[in-house]
Amino acid sequence: GAGVSQTPSNKVTEKGKYVELRCDPISGHTALYWYRQSLGQGPEFLIYFQGTGAADDSGLPNDRFFAVRPEGSVSTLKIQRTERGDSAVYLCASSLATDTQYFGPGTRLTVL
Amino acid sequence: AQSVTQLDSQVPVFEEAPVELRCNYSSSVSVYLFWYVQYPNQGLQLLLKYLSGSTLVESINGFEAEFNKSQTSFHLRKPSVHISDTAEYFCAVSDWGSNDYKLSFGAGTTVTVRA
């Protein structure tokens, strides 16, 4: 079956702009996670959804970051007033409850 | 939150030689343990996982890892590597008592296999 997909694969934006990153999880997966991977580091947790609700957003670095999952499937990560330090690969993963997390290919965000 | 340490950032190894990638985590509370692999220009793929039961787990391509609770370690081994094993390997941990199962990752180990 289809895996986790993320769009766009690459996004280049200017400092101060707003961006949206999309994640399509594996069909039927109730849990959805966002992670951020900076160069030379492992992924870092941002936010976790169980169904439509954000069950844990403790990893969001500040209030410029926000994510939604209105129908319990597709999720959008939104970043306002982007900064150069936001440049990273943003990863989405989905799972069935407590089972293995399956990762998408990521969106590489570059803030100029 | 868990802290995960991968002790080697880069491991060069010759083809058909053994390799060990070390991983230690910070807490001895009940955990799930994972190794993910990232091949060049590809996304993260699950290599193997420990959830419960036997402390020795194996992957389909010859890797194995052993959960050691007393040493809070989950080292990854392969007795004979191939060129195709060249990749970055990430150790990850989640607390199964935390109700969200978010993963804490190590910084990764880059394995380069040479002929």
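The structure we're discussing is the one just above.
Predicted model, so just to flag it, every value in this text is computed and none were measured. (Residues numbered from 1 in each chain as written. Chains lettered and ligands numbered in written order. Predicted model: local features only at pLDDT ≥ 70, side-chain atom pairs only at ≥ 80, totals over all residues. Heavy atoms only, no water.)

1. Focus on the overall build of chain A
What counts here: For the purposes of this entry, the term helix denotes a DSSP run of H or I that reaches at least four residues, the term strand denotes a run of E that reaches at least two, and both are numbered from the N terminus. Computation of the radius of gyration draws on C-alpha atoms, with the globule rule given as 2.2 Å multiplied by the number of residues to the power 0.38. Exposure categories follow from relative accessible area, calculated using a 1.4 Å probe and restricted to protein chains: below 20% of the type maximum is buried, above 50% is exposed, and the middle band is partly exposed.
From N to C terminus, chain A includes zero helices and eleven strands. Each helix and strand of chain A, ordered N terminal to C terminal, gives the series β-β-β-β-β-β-β-β-β-β-β. Its C-alpha atoms give chain A a radius of gyration of 13 Å, near enough to 13 Å, the size a compact globule of 112 residues would have. If you line up chain A on its principal axes, its C-alpha atoms span 35 × 25 × 25 Å. The 112 residues of chain A split such that 46% are buried.

2. Examining the interface of chain A and chain B
Note the cut-off: Pairs of residues are marked as contacts when any of their non-hydrogen atoms sit within 4.5 Å. Buried area: the accessible area, evaluated with a 1.4 Å probe, that two parts lose upon being put together, summed over both parts. For salt bridges, the criterion is a side-chain nitrogen of Lys or Arg within 4 Å of an Asp or Glu carboxyl oxygen. In protein, a polar contact means a hydrogen-donor-capable atom and an acceptor-capable atom, both N or O and within 3.5 Å, with residues adjacent in sequence counting only if both atoms are side-chain atoms; elsewhere, any N or O pair within 3.5 Å suffices. Residues are grouped as follows: nonpolar covers Ala, Val, Leu, Ile, Met, Phe, Trp, Tyr, Cys and Pro; charged covers Asp, Glu, Lys and Arg; every other residue, Gly included, is treated as polar.
In this assembly, 19 residues from chain A lie in contact with 16 residues from chain B. Summed over both partners, the interface of chain A with chain B buries about 1400 Å², with 56% contributed by carbon and sulfur atoms. One can count one salt bridge joining chain A with chain B. K102 of chain B serves as the salt-bridge partner of D56 of chain A, at 3.0 Å between the closest nitrogen and oxygen. In this assembly, chain A and chain B are joined by six residue pairs in polar contact (both at pLDDT 80 or more). Those elements giving two or more residues to the side of chain A that touches chain B turn out to be β4 (31-37) and β5 (44-50) of chain A. Top contributing element to the side of chain A that touches chain B by residue count: β4 of chain A, with three residues. Here the residues of the side of chain A that touches chain B are counted per class, giving eight nonpolar, nine polar and two charged.

3. As for the sheet that holds strand β1 (residues 5-7) of chain A
Within a sheet, each strand pairs with its neighbour through backbone hydrogen bonds, oriented either parallel or antiparallel. Residues and elements named next belong to chain A. Formally: Strands pair, by our definition, only if DSSP identifies at least two bridges between them. Axis definition: a line fitted to C-alpha atoms, over the contacting stretch in the case of helices. Angles run 0 to 180 degrees between N-to-C directions.
Across the sheet, which stays open at both edges, the four strands sit in the order β1-β3-β8-β7 with antiparallel pairing between neighbours. Each of the sheet's edge strands pairs with one partner strand only, and the pair in question is β1 and β7 (65-68). Neighbour to neighbour, the strand axes of the sheet diverge by 15 degrees on average, direction disregarded. Pairing analysis gives five bridges linking strand β3 (residues 19-24) to strand β8 (residues 75-79), with the strands arranged antiparallel. Following the sheet pairing, C23 is matched in β8 by S75.

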